[in-house]
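What follows is each chain in one-letter form.
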Amino acid sequence: MSKSEPFDLEPTVAGDVSVVGGLALGEKLPTLEQVRGPGAPRRFPLAAVETVVGRGQQAHVTIESALLSRRHVLFRRHGPELSLVDLDSANGVFLNGVKAHAALLHEGDTIQVGDVVFVLHEAPA
Amino acid sequence: MSAPIFVRFWGTRGSIPTPGHKTRRYGGNTSCVEIHSAESELVCDGGTGLRELGLELLQRKQPPRSMHLFFSHMHWDHIQGFPFFVPAYAPENELTVYDPGSGRVEELLQGQMRSDYFPVNFNDLGAKIRTRHFDAQATRVDDFEVRCFEQAHPGRSFGYAFELGGKKIVYATDSELDRLLVNRDETERDPEKLRRLPSELVAFVAGADLLIADGQYTDAEYPKKVGWGHARASTVADLAHQGGVKQCALFHHDPLHSDELVDQKIAAARARLAAHGSSTLVFGAREGLELKF
Ligand SMILES: [Zn+2]
Ligand SMILES: [Zn+2]
């Protein structure tokens, strides 16, 4: 006979009720600061739980660059965490210069997609 | 193009977990790296990062039923996540644990689950757990070909090379590379000089798409840590360069190192590689980072 796990499997999210779309009310939005590429400089607050960046109409953030795939990279908020996933783009996603398939993101991270460079701000002033 | 290999860092810290704001970026969980393809689920070491890997596997659309665990050695920071690895509790799962050294891997995993230490006994785990002996010969593990090699660490440790479809990933943590140098006198006179590692070790990492290697210390720290069983980042960089490694992830970060200190360690390793005229890219292994090959 096997015993069950002596610990909880369900992650507990503190303050569940005050979380809207994965972000606590009143909290500042994580923001992509575009520092290079077509349209720079500009800022994209990551308001939705999922934000797709690409050159196509299906992307939430559209950037006119031939080096981007239609749906290039997905940014996803999960509670206080922010992650990215390469959506099988042709030219890849580079996190601080390293080609990444997926990653947890932190303040000051540099994300390059094609000729577009973002700097991530977790909670900008 | 062959099926891709995914490599994900679940724990990158050496020696002991280091939660807290100083280590957020590189992470505080101890050694655990997942290597998986469409067919295989391989796990290198069972440090505290293994707990979160187990939870994530449950969330997958098709959780793997068969998993392979490769332990570099059985020091705490490489096994402590195992009792919290949820898939080990499910009767439908099968875990294969590889034992390249002592023949005591299963006994030692059991030991840390004795009732004095932990409420569930190893023998009460639901999954089928079997130990597979491992030697220097290449061994087939699902679609991977795996080799192991012995390293320089108190009480022994082993590195592993995983190959699939012409791609090669090497996991080599807890090894004091400076004890293996073949030109030690020369490099003591001139620390900038390329530190030469034994040809068998260089062959082991040769041509790797990714070398994950213990690079715990800075050059300033290492003289006080000789004999502790860990490498300085600069010597790891030299090994990676000699092996023509494409990318090298510095791993097993020192528990005293803040994110900023790890950044400095990486910057120094990059400067050293640039001075060698190397094309190897070195970076810091960080929790949550997944690479695709
Ligand atoms: Zn260790
Ligand atoms: Zn050790």
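First, a word on what this report is: a plain description of the structure on this page. (Residues numbered from 1 in each chain as written. Chains lettered and ligands numbered in written order. Predicted model: local features only at pLDDT ≥ 70, side-chain atom pairs only at ≥ 80, totals over all residues. Heavy atoms only, no water.)

Considerations on the overall build of chain A
Step number 1: For chain A, the helix and strand inventory stands at 0 helices and 13 strands.
Step number 2: Secondary structure elements of chain A, listed N to C terminal, follow the sequence β-β-β-β-β-β-β-β-β-β-β-β-β.
Step number 3: Looking at chain A as a whole, 40% of its 125 residues qualify as buried.
Step number 4: Looking at chain A alone, contacts between residues at least 24 apart form 36% of all its contacts between residues at least 6 apart.
Step number 5: If you sum the accessible surface of chain A, you get close to 6700 Å²; carbon and sulfur atoms cover 54% of it. (Helix = DSSP H or I, 4+ residues; strand = E, 2+ residues; numbered from the N terminus. Buried < 20%, exposed > 50% of the residue type's maximum accessible area, 1.4 Å probe, protein only. Contact = heavy atoms within 4.5 Å. Areas by Shrake-Rupley, 256 points an atom, 1.4 Å probe, with all protein chains shown as cover.)

Considering the sheet that holds strand β3 (residues 31-36) of chain A
Residues and elements named next belong to chain A.
Step number 1: The sheet built from 6 strands is open, its strands ordered β4-β3-β13-β12-β9-β10 with antiparallel pairing. Because the sheet does not close on itself, it has two edges, and the strands there are β4 (42-45) and β10 (98-99).
Step number 2: Here 5 bridges tie β3 to strand β13 (residues 116-121), and the two strands are oriented antiparallel to one another. Counted as the bridge partner of Thr31 is His121 from β13. (Pairing = 2+ DSSP bridges.)

Some details on the coordination of the zinc ion (ligand 2)
Working reference: metal with six octahedral donors, ideal angles 90 or 180 degrees; metal with four tetrahedral donors, ideal angle 109.5 degrees.
Residues and elements named next belong to chain B.
Step number 1: At 2.1 to 2.7 Å from the zinc ion (ligand 2) lie its protein donor atoms, namely His73 (NE2), His75 (ND1), His153 (NE2) and Asp174 (OD).
Step number 2: Around the zinc ion (ligand 2) sit 4 donor atoms; with metal-centred angles ranging over 86 to 173°, the donor geometry is irregular.
Step number 3: The sequence pattern formed by the donor residues of the zinc ion (ligand 2) is H-x1-H-x77-H-x20-D.
Step number 4: A spacing of 3.7 Å is found between the zinc ion (ligand 2) and the zinc ion (ligand 1), which share Asp174 as a donor.
Step number 5: Overall, the relative accessible area of 6% leaves His73 in the buried class. (Donors = N, O, S within 2.8 Å, 3.2 Å for Na, K, Ca; no water. Tetrahedral: all angles 85-135°; square planar, octahedral: opposite > 155°, others 65-115°.)

A short note on the interface of chain B and chain A
It is common to report an interface's size as the accessible area lost on association of the parts.
Step number 1: Every contact between the two is made by 27 residues of chain B and, on the other side, 23 residues of chain A.
Step number 2: Our enumeration of links across chain B and chain A arrives at 3 salt bridges.
Step number 3: Note that Asp109(A) is salt-bridged to Arg286(B), the shortest N-O span being 2.6 Å.
Step number 4: Within the residue set of the side of chain B that touches chain A, elements represented by two or more residues are α1 (49-59), β13 (281-284) and β14 (290-292) of chain B.
Step number 5: If you tally residues by element for the side of chain B that touches chain A, the top one is β14(B), at 3 residues.
Step number 6: By residue class, the composition of the side of chain B that touches chain A is 16 nonpolar, 3 polar and 8 charged. (Salt bridge = Lys/Arg side-chain N within 4 Å of Asp/Glu carboxyl O. Nonpolar A, V, L, I, M, F, W, Y, C, P; charged D, E, K, R; others polar.)

Focus: the pairing of strand β12 (residues 110-113) of chain A
All names here are of chain A.
Step number 1: Residues of β12 alternate between two faces, with Ile111 and Val113 buried on one and Thr110 and Gln112 left unburied on the opposite face.
Step number 2: Pairing geometry for strand β9 (residues 94-95) and β12, over 2 bridges, is antiparallel. Across the sheet, the residue bridging to Phe94 is Gln112, located in β12.
Step number 3: The turn linking β12 back onto β13 is made up of 2 residues, and Gly114 within it adopts a positive phi angle of 60°.

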